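# A structural walkthrough
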Amino acid sequence: MSRRLKTTGTALALLVLTGCATLSPDGDLGAVQQLTQGKTGGVNPQLKPDPQTVADLLAQPLSAEAAVRIALLNSPQLQASLATLGVSDADRVQMGRLPNPHFAIGRFTEGDTREIERVLSFNVLGLLALPWRAQWQGQQHEMAKLNAAQDVVRLAADTRKAWITAVAAQQSAQYLREVKEAAEAGAELARRMARVGNWSRLEQAREQLLLAEATAQLARAQQAAFSSREKLIRLMGLWGAQTSFTLPNRLPDLPKSATEMADIEAQALRERLDVRAAVARTGTIARQEGFDKVAGYFDGLALSYSRNTTFDNAHGGKETLRGWELELPLPLFDWGGARHARSKAVYLQSTAQVRAVAIQARSEAREASFAYRTAFDLAVHYRDEIVPLRKFIVEEQVLRYNGMLASVWDLLAETRQQSLAVNSAIEAQRDFWLAEAYLQTTLTGTSPGALASLSSGASPEPTQGH
């Protein structure tokens, strides 16, 4: 009775062990959303496709937050990245399963004697390594979630920057169109004055050249506006009638003051996902190295149970032999030195990558902070100094023109200069919002450079028994 209970308890323990790992019901989207909270520019990272929400957002002028929401809901590239979580989750569950036993049967005949051999074998190393393999694959899945979260953060940042660039390019094209209209007026007036002999051919050619240059600038601006809009469309995963959305006429106003941030290096090291992924990978490799030192000597260890029955057809008798067999490889030629050296080299490589990612994170945080402050100061300088001065000069020229103290050419020239100053102010405003988006991503999200160097390294593999 006690033996039967012991056998039943062992079977139940194995059943619990193999059934504890289950697939995530939502494909781990909830875990990725939790990892990216506060890292997508104030947008709630909803990742499950929702065509109705996308349609509702496109029905009104598209804000930066709406563009990011659409990209996270609709981007096929992001959906493909998130689908890899399902592969990783399936691998995690598979690694937690007990290895299947092997059953072999053979029939041998010699004269009137017939022998039937039945062998049931178990991979002992696979059984002993099962907890470690499950833990290893679980750690791999955690890193897969971190990588997917980085894709989410990167897509949100790229979409926000594409929206800023598209709106600024559209706004610049509109102002350059006004510059071209002023140049057209000047060229037409010069043509008429030259026709009646009140203007020289040289002066007319100068006005015509201004029109030609303004036309070329407008064409480049329109091309930039079209290209930046198409980039935004690609990031949001739109096509067909969806691409006819409306962008705002201008960028958001500058904030009253620049955001003051202290301890930016510590924040980047604490919150960036690529730093967390590098540290997690190093921990996994360290545990892999320790396991390799032990498992290498027992690779191929197998336990078999045999039952052989011999039938004597001549005398009508039979004989049954039972027994077990332990197979253990002899380390005569391979003592595992190369395997251990590889594990150590991979671990040293991973620790160096952690240092590299940390150094890059610190440097990028300082660079992004300086660029943010500089961009804010320049945008404020254009808004408060250059544009008001240009506006004042044009107003003075209008007064002088009305008092017949300035020519129409002076007025047209100052109008063109004012439009160009406004266009430069738009570019400065655009650069500030781009710097702000870059700063937020750098401090709380990820770095494409650090991620690329991390993924280029060798990945550890779990030791599998033969």
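Reference entry: report on the structure contained in this document. The structure presented is a predicted model; accordingly, all values stated were derived computationally and were not measured.

## Structural notes on the overall build of the protein chain
- Per the secondary structure count, the protein chain includes 13 helices and four strands.
- When each of the 466 residues of the protein chain is scored for burial, the buried share is 40%.
- Long-range pairs, those at least 24 residues apart, make up 81% of the contacts in the protein chain between residues at least 6 apart in sequence.
- By element, 57% of the accessible surface of the protein chain is carried by carbon and sulfur atoms, the whole surface being about 26,100 Å².

## Here's the deal with the pairing of strand β2 (residues 113-123)
- Two strands pair when backbone bridges link them, and strand β1 (residues 102-110) and β2 are joined in this way by nine bridges, in the antiparallel orientation. Residue pairing in the sheet places Glu110 in a bridge with Thr113 of β2.
- Between the antiparallel neighbours β1 and β2 lie two residues, among them Gly111 with a positive phi of about 65 degrees.

## Regarding the nonpolar core
- Ranked by internal contacts, the top residues of the largest apolar core, which has 66 residues, are Leu62, Trp163, Leu232, Met236 and Phe245.
- Looking at which element gives the most residues to this core, the answer is helix α7 (residues 130-195), with 14 residues.
- Those residues in contact with Phe245 that lie beyond four places of it in its chain are Leu58, Leu62, Arg229, Leu232, Ile233, Met236 and Leu238.
- Of all hydrophobic cores here, the second largest spans five residues; its members include Ala183, Ala187, Leu211 and Ala214.

## Brief notes about the packing of aromatic side chains
- Summed over all chains, the structure comprises three aromatic pairs.
- Look at Phe432 and Trp433: their rings are 5.0 Å apart centre to centre, the planes differ by 65 degrees, and that puts the pair in the edge-to-face class. Assigned by exposure class, Phe432 and Trp433 land together as buried.
- Following the ring pairs from residue to residue traces out a cluster consisting of Tyr372, Phe376, Phe432 and Trp433.
- Here Arg229 stacks its cationic end above the ring of Phe245, 4.1 Å away from the centre of that ring.

## Digging into the pattern of salt bridges
- By the definition in use, this model includes 17 salt bridges.
- Note that Glu184 and Lys180 form a salt bridge whose closest N and O atoms lie 2.4 Å from each other. On the criterion of helical spacing, the pair formed by Glu184 and Lys180 is a turn pair, its members being four residues apart in helix α7.
- Here Glu184 falls in the partly exposed class, since its relative accessible area comes to 35%.
- Its relative accessible area of 17% is what places Lys180 among the buried residues.
- Connected through shared salt-bridge partners, Glu188, Arg191 and Arg192 make up one network.

## Brief notes about unusual backbone geometry
- The backbone of Asp263 sits at a positive phi, close to 60 degrees, despite the residue not being glycine.
- Mapped onto the fold, Asp263 is located in the loop between α8 (201-236) and α9 (264-271).
- By relative accessible area, Asp263 is classed as exposed at 61%.

Here is what the cut-offs are and how they apply
- Residues numbered from 1 in each chain as written.
- Predicted model: local features only at pLDDT ≥ 70, side-chain atom pairs only at ≥ 80, totals over all residues.
- Heavy atoms only, no water.
- Helix = DSSP H or I, 4+ residues; strand = E, 2+ residues; numbered from the N terminus.
- Buried < 20%, exposed > 50% of the residue type's maximum accessible area, 1.4 Å probe, protein only.
- Contact = heavy atoms within 4.5 Å.
- Areas by Shrake-Rupley, 256 points an atom, 1.4 Å probe, with all protein chains shown as cover.
- Pairing = 2+ DSSP bridges.
- Core = buried A, V, L, I, M, F, W, Y, C linked by side-chain atoms within 4.5 Å.
- Phe/Tyr/Trp six-rings, centres within 6.5 Å; stacked < 30°, edge-to-face > 60°.
- Lys NZ or Arg CZ within 6 Å of the ring centre and 35° of its normal.
- Salt bridge = Lys/Arg side-chain N within 4 Å of Asp/Glu carboxyl O.

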